[in-house]
Every structure is written in C-alpha cells, then in structure tokens.
Amino acid sequence: MSGEGAQQDGTGSEAAGDRTVRVVLVDDHRMFRTGVQAEIGETERTGVEVVGEAADVDQAVTGITTTRPEVVLLDVHLPGGGGVEVLRRSAAMMADAERPVRFLALSVSDAAEDVIGVIRGGARGYVTKTITGTDLVDAVFRVADGDAVFSPRLAGFVLDAFASTDAPPIDEDLDRLTQREREVLRLIARGYAYKEIAKQLFISVKTVESHVSAVLRKLQLSNRHELTRWAAARRLV
C-alpha cells in the first residue's frame, strides 16, 4: 500500500508498545486481505493481531461474533448486502459498553454515499486503500481507542453532511439497494455496457444482470432508460 500521509517505516511499533489490538479483515478480494495481513499483521512489529478474515456478510458476522475483535477493517462492497449490512447485524456488539467492537471502513471507493452510508451505520472512520501500512496501523489503534479516523480528502464532506442543515434527507428508495447494487446502478446510468461493468467490478456478466434485475425490481422500474433517469434525478450519475 502506498500514498496517503506516508510516514517513516517501523510500522506502529513505537505507538503500540506492549499493547495488542485484535483485528478482523473483511474484504471479498483474497489477495487484498493477504496484502493487508502481510503489511500490518506482524504483531511483534505492529501491535496488530489479525484474528480472522471474511469475504462476505455472513462470514463477517460469524467471524466477528466468534472472535470479538477490538477493530474490524470493513470493505464497503461485499457479497450479501455490503458493509452496511455487516454493521446492521453487528449493532449489539458495537453498543457493548465493556467490549465494544469498532469498525473502520477500508475501501477503494471514495463516493460520498458509500462514506455516509457506513458512518450512519456506526463505523468509526473511513480510509481508502491508498493508505500506507504505517497510517493504517495508526488508524486501527486510534479507532480502538474510540477516535474517529478519516482519510484527509473525505473528512470535509463527512463533516458537512452531518453538520449542515441543508444535508439531504435519507433516500428510502436508495437505501433499499445494497452497496453493490448502487455501484452497478451508477455505472449503468453512466452508459456502461454489462461487460464493461463486469470487468470494472471484477464480477461476471451474469452477476451484473442479476444486480440490474434486483435494482429494477426494488425501484419498480421497467428498463435501464428509466433507471438512468431515476439516477440522474438523484444526481448519482
């Protein structure tokens, strides 16, 4: 990982001291999980102990319930309902006063609706996958301590969205869609073909078709032209 707020090497060791933070990685790309594990998971060096991994919503909820980590690194787009669904099903663990499980979103997406969605769901922060290993370890420890952590570029509009009296109300129609369905919706509305969407999202064309059908059904629309108009009216394009 490279990019955001790079610091000197020695990932987390000075800040961690003798303390260990237990972490579960939730991401549907195995290679990415492997990379994060290699980057931050040397406990003696970083103070981070990776106690579990998950690739979809059901695996995530089961793993988090079983291991009760201090922090969950959560991807926004997951099979089974997305990061928001994981948060919804983990609400009791987040609210546990003695052993709270805290969530830090770690995603390639910097779309406002993704960020706001998981923060509304209870996540303590949101960082993008350009973050350095050093900064990710720091973010894990800060979230474990109850702090809110955001990538610098995202913090401004998160504050604006929650502080402004002009912030848009929750869109109940949009909230019916999973994170992946929203992603497919945006790409369809931008004129992408199914094959192009499949390539961009690393899924099959058949899966794209299934998502589009689900979106049309949930929004009670008939075709992609109506879907495009619907998305444009909500400024999602």
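It should be noted that the structure appears before, not after, this text.
Residues numbered from 1 in each chain as written. Predicted model: local features only at pLDDT ≥ 70, side-chain atom pairs only at ≥ 80, totals over all residues. Heavy atoms only, no water.

1. Here's the deal with the overall build of the protein
Turning to step 1, where the next piece is worked out: A tally of regular secondary structure across the protein gives 14 helices and six strands.
Turning to step 2, where the next piece is worked out: Per-residue burial over the protein gives 46% buried out of 237 residues.
Turning to step 3, where the next piece is worked out: Intrachain contacts of the protein at a sequence separation of at least 6 include 69% that bridge at least 24 residues. (Helix = DSSP H or I, 4+ residues; strand = E, 2+ residues; numbered from the N terminus. Buried < 20%, exposed > 50% of the residue type's maximum accessible area, 1.4 Å probe, protein only. Contact = heavy atoms within 4.5 Å.)

2. With respect to the pattern of salt bridges
Turning to step 1, where the next piece is worked out: Scanning the model with the defined rule gives 14 salt bridges in all.
Turning to step 2, where the next piece is worked out: The partner of Arg88 in a salt bridge is Glu85, with the nearest N and O atoms 2.6 Å apart. Remark: Glu85 and Arg88 occur in helix 5 (residues 82-89); sequence separation between them is three residues, near one turn of the helix.
Turning to step 3, where the next piece is worked out: Arg88 gets classed as exposed once you look at its relative accessible area, which sits at 55%.
Turning to step 4, where the next piece is worked out: Lys218 is the partner of Glu181 in a salt bridge, and the nearest nitrogen-oxygen pair spans 2.9 Å. With Glu181 in helix 11 (residues 179-189) and Lys218 in helix 13 (residues 205-219), this residue pair connects regions lying 37 residues apart in the sequence.
Turning to step 5, where the next piece is worked out: Overall, the relative accessible area of 25% leaves Lys218 in the partly exposed class.
Turning to step 6, where the next piece is worked out: Shared partners join several salt bridges into a network, and the residues in it are Asp27, Asp75 and Lys129. (Salt bridge = Lys/Arg side-chain N within 4 Å of Asp/Glu carboxyl O.)

3. Remarks on unusual backbone geometry
Turning to step 1, where the next piece is worked out: The phi angle at Arg68 is positive, at roughly 45°, despite the residue not being glycine.
Turning to step 2, where the next piece is worked out: The backbone of Gln220 sits at a positive phi, close to 55°, despite the residue not being glycine.
Turning to step 3, where the next piece is worked out: Topologically, Gln220 is positioned in the loop between helix 13 and helix 14 (224-233).
Turning to step 4, where the next piece is worked out: Owing to a relative accessible area of 73%, Gln220 belongs among the exposed residues under this scheme.

4. With respect to the packing of helix 4 (residues 57-67) against helix 5
Turning to step 1, where the next piece is worked out: Running from N to C, helix 4 and helix 5 point in directions that differ by 35°, and their axes come no closer than 9 Å. Here helix 4 and helix 5 pass one another in a crossing that is right-handed. Mapping the contact onto sequence places Val57, Asp58, Ala60, Val61 and Ile64 in helix 4 and Gly82, Glu85, Val86 and Arg89 in helix 5.
Turning to step 2, where the next piece is worked out: For the contact of helix 4 with helix 5, a count of residues per class yields five nonpolar, one polar and three charged. (Axes fitted to C-alpha atoms, helices over the stretch in contact; angles between N-to-C directions. Left-handed = near helix turned anticlockwise from the far one by under 90°. Nonpolar A, V, L, I, M, F, W, Y, C, P; charged D, E, K, R; others polar.)

5. Side note on the nonpolar core
Turning to step 1, where the next piece is worked out: In terms of nonpolar packing, the biggest core is built from 24 residues, with Val26, Ile64, Val72, Leu74, Val86, Phe103 and Val118 touching the most fellow members.
Turning to step 2, where the next piece is worked out: For this core, the element with the most residues is helix 4, which contributes four residues.
Turning to step 3, where the next piece is worked out: For Ile64, the residues in contact, after removing those within four places along its chain, are Val24, Pro69, Val72, Val86, Ser90, Met93, Val101 and Phe103. (Core = buried A, V, L, I, M, F, W, Y, C linked by side-chain atoms within 4.5 Å.)

6. Remarks on the side chain of Glu85
Turning to step 1, where the next piece is worked out: Polar side-chain contacts of Glu85 include one of 2.6 Å to the side chain of Arg88.
Turning to step 2, where the next piece is worked out: Contact partners of Glu85, with chain neighbours within four places excluded, come to Val57 and Gly80. (Polar contact = N/O pair within 3.5 Å; in protein donor to acceptor, adjacent residues only side chain to side chain.)

7. Considerations on the environment of Leu174
Turning to step 1, where the next piece is worked out: Tracing the backbone shows Leu174 in helix 10 (residues 172-175).
Turning to step 2, where the next piece is worked out: According to the relative accessible area criterion, Leu174 is buried, its value standing at 10%.
Turning to step 3, where the next piece is worked out: The contacts of Leu174, once residues within four sequence positions are left out, are Arg182, Leu185, Trp230 and Leu236.

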